[in-house]
Amino acid sequence: MSRRWPLFGIFILSGAAGLVYEVVWGRQLVLVFGNTTQAVSAILTGFFGGMAIGSALGGRLADRVRRPLRMYGLLELFLVVIVLLTPVTFRLLHLIYRGVFDSLVADPQLLALVRFGLSLLALGPATILMGATLPTLTRHLSRDSAGLSLAFGRLYAANTFGAILGTIAAGFILIELVGLTGTLLVGVGCSAIAGSVALLLDRAQGQPAAAAKIASPLARHATPPETSATADLKTHPRVRLALIVAFVSGLTSLGYQVLWTRLLASGTGNSTYVFTMILAIFLIGLALGAATFNAFRARIHTLNLLAFGQIAIALLVLLGMVILIGDGSSGLLALAATFRSLASQLSQLAVFMVVVLPATFVMGLTFPAASALVADPDGHVGSNTGLLLSANTLGAITGTFLVPFVVIPLVGSPVAVGLIALLNVSTGIALALAGRIEPRFLRTITATAGAVAAAMLVVALTSGEVFLDPNVAWLRAHHGIISRSAEDEIASVQAGAINGTPQLWVAGTSMTSLTVDAKLMPILPLMLRPRSRTDLTIAFGMGSAYRGALNAGLTAEAVELVPSVPQMLDVFYPDAHQVLSDPRGHVVIADGRNFVELTDHRYDIIVVDPPPPIYTSGVSVISSREFYAAAKARLNPGGVMMQWIPYGQTVDEFKAHVRTYRNVFPHVIIAFGPGSNGLFMLGSDQPITFDPAAIRQVLSRPRIVQDISSAIDSPEHDVSGWASLIPRLVWIQGDQVAAFAGAGPLVTDDHPLPEYFLLRHLFGPESPAVSKALLQSLTPAPPSPSASLPPTLRPAEGG
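Scoring rules and cut-offs
- Along each chain, residue indices are assigned from 1 in the same order as the chain's sequence is written.
- Note on the predicted model: pLDDT of at least 70 is required for a residue's local features to be given, and 80 or more for side-chain atom pairs to be given and counted; whole-chain, interface and lining totals, by contrast, use all residues.
- The basis for the side-chain values is all heavy atoms of the structure; hydrogens and waters are excluded.
- Paired strands, as defined in this entry, are two strands with at least two bridges between them according to DSSP.
- Under the scheme used here, helices are H or I runs from DSSP no shorter than 4 residues and strands are E runs no shorter than 2 residues, and both carry numbers assigned from the N terminus.
- Orientation is described by lines fitted to C-alpha atoms, with helices fitted over the stretch in contact, and by angles between N-to-C directions that extend from 0 to 180 degrees.
- One confidence number per residue, pLDDT, is output by the predictor and ranges from 0 to 100.
- Pairs of residues are marked as contacts when any of their non-hydrogen atoms sit within 4.5 Å.
- Whenever Lys or Arg places a side-chain nitrogen within 4 Å of a carboxyl oxygen from Asp or Glu, that contact is recorded as a salt bridge.
- A 1.4 Å probe rolled over the protein chains alone gives each residue an accessible area, and that area as a share of the maximum for its type sets the label: buried under 20%, exposed over 50%, partly exposed in between.
- Pairs were defined over the aromatic rings of Phe, Tyr and Trp, the Trp ring being its six-membered one, requiring ring centres within 6.5 Å. Orientation was assigned from the angle between planes: stacked under 30 degrees, edge-to-face over 60, tilted for the rest.
- Each ring is checked for a lysine NZ or an arginine CZ that lies within 6 Å of its centre and within 35 degrees of its normal; such an atom marks a charge sitting over the ring.
- Patch definition: residues with relative accessible area over 30% and no salt bridge; like charges joined within 9 Å; nonpolar side chains (Val, Leu, Ile, Met, Phe, Trp, Tyr) joined within 5 Å.
- Residue-level accessible areas treat just the shown protein chains as cover; the underlying method is Shrake-Rupley with a 1.4 Å probe.

## Notes on the sheet that holds strand β1 (residues 481-487)
Across a sheet, strands are paired by hydrogen bonds formed along the backbone, either parallel or antiparallel in direction.
Phase 1 of the analysis: Taken together, the four strands give an open sheet; going across it, the order is β1-β2-β3-β4, and neighbouring strands pair in antiparallel fashion. Sheet topology places β1 and β4 (509-513) at the edges, where each strand pairs with a single neighbour. This sheet shows a mean twist of 20 degrees between the axes of neighbouring strands, independent of strand direction.
Phase 2 of the analysis: Where strand β2 (residues 492-498) meets strand β3 (residues 501-506), six bridges bridge the pair, whose relative direction is antiparallel. Note that in β3 the partner of Ile498 across the bridge is Thr501.

Structure, rendered in structure tokens:
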């Protein structure tokens, strides 16, 4: 073991690099293809597909080479080169995708195939190399079939431990400190170290005699093609059984990861730290399970463990749902508050560990155990290891399609969890009955336990009280009204009311209410440019801004990511049918950032209302400098963009938003929302000002005053009142904006500051929370009239 610890050390680095690449590439490719589930599935398929191909091919190649450790080192170093080229590759793919988008947008199926193909092209070269690493190192450590399970289990545990480190480092530290590009370079450094050390170790060890014997040319030529690892599947039922278990393991583990992320993130504001913690705990459970298997491997009967393990996973999932939901008010998730405070983060961590860790621990026990079944007398260590990993990865790919596109739309996430648990139980029973469990009486006990577990799951599923959406449970417990509830491939959505206030919830987070701030979003830009004819609204929400644009006589488009959201409009507005069928309007279900970059339409007004809270995962893609530049390019000359900035951030974070916006738009007005929910940032490439005549002209249009006055928090109710109020909403404009923002970092695609804030909050200088009163006290003095004059025309000092 002492001679092998460097190998486990470099594979820990390899695992860390792999997760760093997955996190960074996922964010970067979302900018190319959008943040829709179809696009994300395409990205995951490209990633997992390459891993599956690499596992299969790498395993076969590892059985044929004399020095698999040298092969591993070269794989890591080739990976370094390819990863360094990925930014260029992604830019080229973006150009290709943009070139075909307009011609294929009317054919979603063909566009989806293009995304899958481009994703495989983008990620395939790197992920094929990554997939080949584990079977190659397993081949190096296991010179015969007897040692395969031990070597595989140890490497799997080391790689998963590295993945934990990579997840935590990237999600909690690196992206905030050095951005996505810097984080990617850290991963490159890990791969480079792993590859270099492997080559040095191989050189120090020399050519192993055993390897020469097993992988000699004579041995290879003496083995006819039909006795390859593929043929072994026909002659070794245990290998076939192992591949089935690996496939089910990949499908169910990916399914649980997707579903637990949805359910556990409900009501948390969907912070990126929520997703990072869930993934880290998921991996911790797998690593602990794999380490436990390695420690007790000699005492464990493989088939017994596999059968009992599948049933135990199902029971632990059921127990986790019971603990999670409770009665809606006493469930663990209801006890966690918003995610900004340290206490809240710790409470969320406790919830995630209780729900996720026990089941993933058992998953970590069972998958390495399957490797004991692929040992065969012909000694195809690398090939069979590669096939085992390929089967597991193919199961994960199946899960990326089956769970979000079929199961969730049909039954919803909570019931989907129960159905996957039933699949675990069924697999356990099948293993018990067909797997020759010894002693014989254990076969009966296992099958009976599986039947009891299945019955418990069926009762829980049919009761409707356990496998329940956490937000629905919370609303019921707090006497909320649910007028309509739906779930699609993106998120769960509820429309209703709490404490008499109409609200829309997406993924358990209240998106908006019928506030005057939302109703004014298209009206304020219109007052700045009364001749505007076209409007684009990004983020449909309750539909207030889109409906307001149509009321104002504009030709309007709205882009909404979550398909179920526009369907809730009639809960909040009785004229919903007329609004959605208005020939002047069009609602597009797409990613807003992607739409702005790919469409060839131009607009006079663009309204952006990012989903709250301000730190929600993915919000930076519609509040970055690159997004503002893309939106500016879609505006007609003199057009106005309105970006809504809700409260709930520090002054320094707010300054970064203002600074970024002002970096793109030379003319900016920032105005307070009269509903006291946040601020309007209004920008244009030409001077803008609120002209009293223009304000009254817009207010005189039919239905505008009636609509903005109908909000529950409207401070005015007639033309005169609004005409007087609008100019008084302005906080700063012109040179005051630059003076307030000052120098500092910008929100960019590479540095998504709003989403990554943990280190700033824990160790950075204190910055007070934004409020109207505080901002008013920080108002920069307006420039003197002479400040804009040429120096020769300015009055002399002192007179």
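Resuming the write-up.
## What to know about the confidence of the model for the chain
Phase 1 of the analysis: Chain-level pLDDT for the chain is 86 on average; 87% of the residues reach the 70-or-more range.
Phase 2 of the analysis: pLDDT under 50 marks residues 335-340. Its contacts with residues more than four places away, or in other chains, come to 25 contacts.
Phase 3 of the analysis: Across residues 786-799, where pLDDT falls below 50, the model places four contacts with residues more than four positions away in sequence or in other chains.

## Focus: the pattern of salt bridges
Phase 1 of the analysis: Here the structure, examined in full by the defined rule, presents 13 salt bridges.
Phase 2 of the analysis: Of the charged contacts in the structure, one is a salt bridge between Asp63 and Arg139, with a shortest N-O distance of 3.2 Å. One end of the pair, Asp63, is in the loop between α2 (37-62) and α3 (68-104); the other, Arg139, is in helix α4 (residues 108-141), with 76 residues separating them in the sequence. With respect to burial, Asp63 and Arg139 carry one shared label: buried.
Phase 3 of the analysis: Each member of the salt-bridge network shares a partner with another, and the members are Lys519, Arg547, Asp575 and Asp707.

## Focus: the packing of aromatic side chains
Phase 1 of the analysis: Within the structure shown, the criterion is met by 22 aromatic pairs.
Phase 2 of the analysis: On the basis of an interplanar angle of 40 degrees and a centroid distance of 5.9 Å, the ring pair of Phe672 and Trp731 is categorised as tilted. With a gap of 59 residues between them, Phe672 in strand β10 (residues 667-672) and Trp731 in strand β12 (residues 730-733) connect regions that are remote in the sequence. For the residue pair Phe672 and Trp731, the accessibility class agrees, reading buried in each case.
Phase 3 of the analysis: Grouping aromatic residues by their ring pairs yields a cluster made of Phe172, Tyr273, Tyr615, Tyr756 and Phe757.
Phase 4 of the analysis: Geometry around Phe740 places Lys655 over its ring, the cationic atom sitting 5.4 Å from the centre.
Phase 5 of the analysis: One cation-aromatic arrangement involves Lys772 over Phe672; the distance from NZ or CZ to the ring centre is 5.3 Å.

## Digging into a nonpolar patch on the surface
Phase 1 of the analysis: On the surface, Leu402, Val406, Leu410, Val411 and Leu419 cluster together to form a nonpolar patch covering roughly 410 Å² of accessible area.
Phase 2 of the analysis: For the nonpolar patch, the element with the highest residue contribution is helix α14 (residues 381-411), accounting for four residues.
Phase 3 of the analysis: Position of Leu410 among the secondary structure elements: in helix α14.
Phase 4 of the analysis: When its relative accessible area of 67% is taken as the criterion, Leu410 is described as exposed.

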